[in-house]
Each structure stands twice: as structure tokens, then as C-alpha cells.
Amino acid sequence: MNRNEKFVITINRELGSGGRTVGRMLAEKLDVPFYDKALIKALQERYNLSVNEIERLKGQSNSWWANFKRVVGLGQGVNPNNFVNTEDDEPETLTTEMIFKAEKEILLGIAQDESCVIAGRSGFFVLKSHPNHVSILIQAPMESRIKRVMRRQNKTEAEAKKSIKEVDKLREEYVKNFAHTSRYDTRNYDLVINMDGKTEEEAVDLILKYIG
């Protein structure tokens, strides 16, 4: 990856692995924006970023995302967390094809306009043709995933196990439905990190060493 040109780093992660935190910290280290599923969803809902609306914006400018960001104030002292629930992982919901298409166009617009880190379930395949893209998968042993979900979402062990099972199933179905692959297929990634015995800071350092 060439850090002197526009780049995009996508992070796919398991619930409870700490992948979202790693992505946010990585973006801070690289001094680039961080986008995740929750922010993209919030922007879609708040500004009605449907496929038709995005097509209208694209018709006005090739850099529609840059114009959109300027209008809503993103990146100009506005805290993205004002748009979203800041929990480590929000509840999963089923995604329709139209929502996926809108999300895809948003991700493509972001990557065209700026260097960034994107954490979410579709980035690794939506942006696979980007000329300066690194795709990362972050995993963790089930025991540590359960403990993290219990701690961050104030759940019992049984509730945490249930949440992880449900989210894993929904995310895998999502990827199979829209990308026609498995999110666990390591051929989809440039780098796979097992968080066993690692802190988020150590994972960020590994990624920084990898991208050079």
C-alpha cells in the first residue's frame, strides 16, 4: 500500500474481537477518517441516502461524497459519534438489497474522495478493486469474545454467547448473499490477525508494520 496516495483500509471483524476499536485507533494513527457500519447507517437514515438520492447527487458532481461531507459538516470539527450509538457493536439487522446498494455507493464515494479506514461487513468486497486497498480480518478466541461482550454490553455469559452466535450467523449470511463468498475465507484478506494475547495497541502496531 502506498501511503503517499489515496488509500483505503477495510477491516472485517468478529463481534467481541475488538476490531472496531482497532480500526478507530488505526485511523487516528494514520490521521485519516474512520467510518463504520453504524455511521454509514446513521447517515443513510438522517439524510435519506437512498440509491435514487445518491444518483441525484452523483449527477451534480463527480465528487458527490466530498460535496455531501461539506454540506453536512463531516470532517469539519463535527464528531461522527454525534450521529451514532457509540457501543462497540450495535444490534444486527437484516439488510435489503436496496440498502446494500446505497451502502455500496457511499463506500465507493468515500474511497474515491479520501484516504480512510472502514470497519464493516461489506468494505472488503465492495472496495476489492480499489488500486490502493488493504483488507484485514480481525478474529479472537470465543472465550475472549464472550468476556468482551459481557463487559462492554453488560450481558451475562449466556446472553453474550447468544449474541455472538446470532451476529456471526447474520454477518455470514450477509456476505454470502451479497458477495457470494464466506467472510471466513482468508483469501479475501491481505492480513488476518488473531487477537489472542494481543492488545488493540499491539494489533494497530502490527498493521502499521504491514502497510509500511
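Residues numbered from 1 in each chain as written. Predicted model: local features only at pLDDT ≥ 70, side-chain atom pairs only at ≥ 80, totals over all residues. Heavy atoms only, no water.

### Topic: the sheet that holds strand E5 (residues 191-194)
Here is step 1 of the chain: Taken together, 5 strands build an open sheet; the order of strands is E2-E3-E1-E4-E5 and the sheet is parallel. With partners counted over all chains shown, the strands left at the sheet margins are strand E2 (34-36) and E5, one partner each. Sheet twist, expressed as the average angle between the axes of neighbouring strands with direction ignored, equals 20°. (Pairing = 2+ DSSP bridges. Helix = DSSP H or I, 4+ residues; strand = E, 2+ residues; numbered from the N terminus. Axes fitted to C-alpha atoms, helices over the stretch in contact; angles between N-to-C directions.)

### Quick word on unusual backbone geometry
Here is step 1 of the chain: Here the phi dihedral of Asn154 falls at roughly 55°; this positive angle occurs in a residue that is not glycine.
Here is step 2 of the chain: The residue Asn154 is located in the loop between helix H7 (142-153) and helix H8 (157-179) in this model.
Here is step 3 of the chain: What makes Asn154 exposed here is its relative accessible area of 73%.
Here is step 4 of the chain: At His180, a residue that is not glycine, the phi angle is positive and equals roughly 55°. (Buried < 20%, exposed > 50% of the residue type's maximum accessible area, 1.4 Å probe, protein only.)

### Brief notes about the pattern of salt bridges
Here is step 1 of the chain: Under the criterion given, the structure shown has 16 salt bridges.
Here is step 2 of the chain: Across the pair Glu105 and Lys58 runs a salt bridge whose closest N-O atoms are separated by 3.0 Å. Taken together, the positions of Glu105 in helix H5 (residues 97-113) and Lys58 in helix H3 (residues 51-60) put the pair 47 residues apart, joining distant regions of the chain.
Here is step 3 of the chain: The buried category is assigned to Glu105, whose relative accessible area is 19%.
Here is step 4 of the chain: Ionic pairing is found between Lys176 and Glu172, a salt bridge with its closest N-O pair at 3.7 Å. (Salt bridge = Lys/Arg side-chain N within 4 Å of Asp/Glu carboxyl O.)

### Structural notes on the pairing of strand E4 (residues 133-139)
Residues in a regular strand project their side chains so that they alternate between the two faces of the sheet.
Here is step 1 of the chain: Counted residue by residue, E4 has 6 buried out of 7 residues, so it is predominantly covered.
Here is step 2 of the chain: Alignment of strand E1 (residues 8-13) against E4, held across 6 bridges, turns out to be parallel. Bridge pairing in E4 places Arg13 opposite Ile138.

### Describing the packing of aromatic side chains
Here is step 1 of the chain: Within the structure shown, the criterion is met by 11 aromatic pairs.
Here is step 2 of the chain: Taking the centre distance of 5.8 Å and the plane angle of 85° together, the rings of Trp64 and Trp65 count as edge-to-face.
Here is step 3 of the chain: Measuring from centroid to centroid gives 6.2 Å for Phe100 and Tyr174, while their planes differ by 75°, and the two rings are edge-to-face. Residue Phe100 is found in helix H5, and its partner Tyr174 is found in helix H8; the two are separated by 74 residues along the sequence. There is no split in this pair, since Phe100 and Tyr174 are both buried.
Here is step 4 of the chain: Members of the aromatic cluster, connected to one another through ring pairs, are Phe100, Phe124, Phe125, Tyr174, Phe178 and Tyr189. (Phe/Tyr/Trp six-rings, centres within 6.5 Å; stacked < 30°, edge-to-face > 60°.)

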